Structures are given as C-alpha cells and as structure tokens.
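Coordinates in review
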Amino acid sequence: MNGGAAPPSAASAAAAAATPPHRRLPDFLQSVNLKYVKLGYHYLITHLLTLMLLPLMAVILLEAGRTDPDDLRQLWLHLQYNLVSVLVLSAVLVFGATVYVLTRPRPVYLVDFACYKPPAHLQVRFEEFMRHSKLCGFSEDALEFQRKILERSGLSEETYVPEAMHAIPPQPTMANARAEAETVMFGALDNLFKSTGVKPKDVGVLVVNCSLFNPTPSLSAMIVNKYKLRGNIRSFNLGGMGCSAGVIAVDLARDMLQVHRGTYAVVVSTENITQNWYFGNRKSMLIPNCLFRVGGSAVLLSNRGADRRRAKYSLRHVVRTHKGADDKAFNCVYQEQDGEGKTGVSLSKDLMAIAGGALKTNITTLGPLVLPFSEQLLFFATLVAKKLLSAKMKPYIPDFKLAFEHFCIHAGGRAVIDELEKNLQLSPAHVEASRMTLHRFGNTSSSSIWYELAYMEAKGRVRRGHRIWQIAFGSGFKCNSAVWHALRNVKPSPDNPWEDCIDRYPVELVDGFPTHKPQQ
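Notes on the structure in this doc start here. (Residues numbered from 1 in each chain as written. Predicted model: local features only at pLDDT ≥ 70, side-chain atom pairs only at ≥ 80, totals over all residues. Heavy atoms only, no water.)

**Details of the overall build of the protein**
Within the protein, the secondary structure is distributed over 18 helices and 13 strands. For the protein, buried positions account for 44% of its 520 residues. Contacts spanning at least 24 positions in sequence make up 79% of the contacts within the protein whose residues lie at least 6 apart. A total of about 27,000 Å² of accessible surface is found on the protein, and carbon and sulfur atoms cover 60% of it. (Helix = DSSP H or I, 4+ residues; strand = E, 2+ residues; numbered from the N terminus. Buried < 20%, exposed > 50% of the residue type's maximum accessible area, 1.4 Å probe, protein only. Contact = heavy atoms within 4.5 Å. Areas by Shrake-Rupley, 256 points an atom, 1.4 Å probe, with all protein chains shown as cover.)

**A short note on the environment of Glu 158**
In this fold, Glu 158 is placed in the loop between α7 (140–152) and α8 (163–166). For Glu 158, a relative accessible area of 17% corresponds to the buried category. In this structure, the C-alpha to C-alpha distance between Glu 158 and Phe 126, residues 32 residues apart in sequence, is 9.4 Å. The contact partners of Glu 158, leaving out residues within four places of it in the chain, are Gln 123, Arg 125, Arg 440, Arg 504 and Tyr 505. Side-chain polar atoms of Glu 158 contact the side chain of Arg 504, separated by 3.2 Å. (Polar contact = N/O pair within 3.5 Å; in protein donor to acceptor, adjacent residues only side chain to side chain.)

**Comments concerning the packing of aromatic side chains**
Following the criterion strictly, the structure yields 17 aromatic pairs and no others. Their ring planes at 70° and their centres at 6.1 Å tell us that Phe 330 and Tyr 334 sit as a pair that is edge-to-face. For Phe 330, a relative accessible area of 42% corresponds to the partly exposed category. Overall, the relative accessible area of 33% leaves Tyr 334 in the partly exposed class. Of note, Arg 440 hangs over the ring of Phe 441, and the distance from its end group to the ring centre comes to 4.8 Å. (Phe/Tyr/Trp six-rings, centres within 6.5 Å; stacked < 30°, edge-to-face > 60°. Lys NZ or Arg CZ within 6 Å of the ring centre and 35° of its normal.)

**Describing a nonpolar patch on the surface**
On the surface, Leu 53, Leu 56, Met 57 and Ile 60 cluster together to form a nonpolar patch covering roughly 360 Å² of accessible area. Inspection of the secondary structure assignment puts Ile 60 in helix α3 (residues 48–66). (Patch = residues over 30% accessible without salt bridge, like charges linked within 9 Å, V, L, I, M, F, W, Y side chains within 5 Å. Salt bridge = Lys/Arg side-chain N within 4 Å of Asp/Glu carboxyl O.)

**A look at the sheet that holds strand β10 (residues 467–474)**
Strands in a sheet are paired, the pairing made by backbone hydrogen bonds, and the direction either parallel or antiparallel. With mixed pairing, 9 strands are arranged side by side in an open sheet as β3-β2-β4-β5-β1-β6-β11-β10-β9. Two strands in the sheet have a free side with no partner beyond their single neighbour: β3 (234–238) and β9 (406–409). Strand after strand, the sheet turns through a mean of 20° between neighbouring axes, direction not considered. Pairing of strand β2 (residues 203–209) with strand β4 (residues 264–270), which is carried by 6 bridges, proceeds in the parallel orientation. Bridged to Val 203 within β4 is Tyr 264. Packed onto the sheet, helix α14 (residues 351–370) meets β6 (313–322), β10 and β11 (478–486) and runs at close to 140° relative to β6. (Pairing = 2+ DSSP bridges. Axes fitted to C-alpha atoms, helices over the stretch in contact; angles between N-to-C directions.)

In structure tokens form, the structure reads like this:
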C-alpha cells in the first residue's frame, strides 16, 4: 500500500488534465510549425532553380515576341557568311559529345538475385543449442554466457547451423566444410540461373567472397567446375574481408563490367561455419557462435543495354571506408587462438564505437552524392558555425530519409541495428527488414543485406524510382555502402527465402523474443 496516494500514471494524468489548455497548446503548435517550416524549406531549396528560371523564361519569351522578323533574317544571313565558324563549332560539339559517350561510366544493372534457404532439419532450437554446447565441454560460466547472449540476440529458434554442427560430437572436418560451401553456393546459384534464364556459359565475371574458409582449389574454382563456366572467365576469390565483403565484391564486379562490354557478372556472398565454431571458454570469442548462421546469396549483374527492361535495379554508388590504419580498428574483430590453443574470432568492447566512427566517415563521403541540396546546405551551415563561431552546438545530422526509401543495414546483431537506428534518426519501419532478417535467419555475414532486400520485395514495398541503401560493416575495420535505384515495381523472385513465412512478419520483439502473435 502507498498510503492512499494515486498511482503515478493516474497522478500524471490528473496533473495533465488540470493544466490549462492554453499552456499546453503552444508546444503542440510549435512542433507542428517546425515540421511545416522544415518541409517548406526543403521544397523551396529543392525547387529554387526552377523558381529562379521562371521569371527569366518569361522575360526571354516577352523579348522574343517583340523581335522584328527583319532582325531574324539578318541573323541568318550573318550565319551564312560565317559558315566556317559554324562548321568548326559544330565539329567541336560533335567531338565533345562523342568523347563523353565513350568515356562515361556504363550503367550496371542488377537483373536478379537469389538467397539460399536451408532445409528445416538444420534449424537450431535454443534448448538444442545449449544441450549440444554442454556436451562439447564448455564451462558452466561459458554456458550461462551463451544462454544470455541467445536470449538477447534478436534471433528466433528457426535459424540454421550446418549439418556438421548437429552431430554429437560436432564434425568440423574439411570435407564437411566443403559440403556446406557447395550446398549454400550451388543452392543460391541454381535459383538464380533458373529465375533469370541466363546460361552459365554467358557469365564473363565471377566474384566470390567468404571470409573464414578459403580452401584450395578456391570457392570460385568450385563454381567454375560445377557449372562448367567458360575458360576465359575473369574469376576472383575474396577472403578475410569480413561481413562487408559483399559490397566490396559488387564494387569489383562493377569495375570489371566497365572494362568488358556486353557481359554478365555473378557475385556470390557467403560464410562458412563448419570449421569456424569456437570450442573454448573466452567470452569475447563465444559471441559469434550465438549470432552467425548458415546463409548465402548470388547476384546477377549486367552491363547490357537490353537487360535494362527486365532488370530490377541499377547501381548508382559504392562508397568504401577502411579504418585499418588505426590499431584499435584493426584489432576489434580478430581471428586468433585463445590460451588453450582453440581458434575463434574475438570481438572487442570498442567494436560499436569503432563502427560508429567508420559510419561517420562513410556517410560524409556518401552524403554529397545522394542528399538533396537542402540537407547539404544545413550540414555545411552548422559546420561553419561550429568552426568559425566556436559555437557549442552538436553537428547537424543529415536526414537520410530524404535520400532513401529503404535501408538494408547489415544484420550483425541487435546492437548494430539499434546504433544505426539512433544515429541516423530512423524509424522502426526503416530498420524492420534488418531486425526481421536477424530474427529469421541470424547473422549470415555478407549475404544479410540481400535477405533484407528479399524481405522488402516479399512485402511488395519496392516501387519504381525507390532508392535502396545497403550498409555493411566488417573486420579490418570497414564500412561500405551500395546505393541502388529501382527500375520498376519489383516483385519477389521465385523461391524467395521469405515466401513461406512472410505473412508472419513483422513480429514485435523484446529481448529477441516475440511479445505476441505475429502480425498478418
């Protein structure tokens, strides 16, 4: 009992009711006014050039209407007597136009992509995860730590681990690791070739990225052998580049498509868990066990003009930021052995701060490429005020919601998504695809941004003209961005990984678990 006092909620409600309306109304009006003032500002700056040109055009039309026909005849005669000058000017214009057409970057189209969905028998329940961990000889302290991480991870009990990790004891052999890689990569590629109708022999560029598993022959060679790709294919295998390597692979494929005309490029992004499960007790190295899950994607890019009609997206920008020169950033995600000689990936406590710094650098470069001039002007004005006037003011955070309709934030964990949602001032709707991907598939490393785009397509949210921002973080430390432009109203591809469960999403999460029945 509390001595008859009203509950806090009731007391606050009573106080609010007792407050005269004329004292509360100005705050409401002020927020509304600020909203409309900002909207008016953006509209004015966005259309400033048009508003300035309208009076100029009106003056030109008025003057043209007053022009004497004799003056026009005199001008024509003048041009006839200066035929050499006209021809030289025309030749310069034609030459300049030709050079521009030949040297401008070729458009790169994303024809389609596919994400691998593992079979249901590879799903890992939390109870099963903990039982297997106990049988693997983890200490009680390590088991309790993993249990807490699982509960707060944002993962559901429908995520997948490879066949070798379901065995008791686990079988992290080279053969099983190869089997996992082949199953994931070939599964995604089979779906991609089936949905696009492209023959493997038509592929001229192949880029594969996988950080922790790099066998000999390489993963790219495994794909060449499986699909009997042509002998002059330009193939690349990227290793050790972390969860942001998917964007790096797209950037490399884009560069190759600028050089080689009329061809296709395939980008395969995956990670391998079989040989990279940590069996020790160091807490900083146990976190990947709880977050990383089986997954992979295959993306078909093209520089053929004829593919524009059927392509889903065009690639607009790729911005890459590398913080490896800083020792803290370099060591914050580090593969090593613990004191008992067991290998794993250690995550530093400074990881989120380093990721925030990398993101800041990345968006400083990306902002001028994508933000409307109104946002750039505000950012520049606050920067000048802070530098010249020594004003104690926070730097203006550009509103990236004005530049993008959709955000694919790497589903590295709840903390990563929470941090970007806060720093970029996004709404829950903007990070929904990232949270749901983490919940349904876990951290699938570099392929997670493609599961997120597949989620948006399955929901029917991507419309013609929409802009998509893919943001990925990885060891090194790196932050990379890719910007896509939707060429049409995008429908989900056949065998979309969400097709059998999209009606259950989104779900509301508290500490990683649904709080109620999934929304329809």
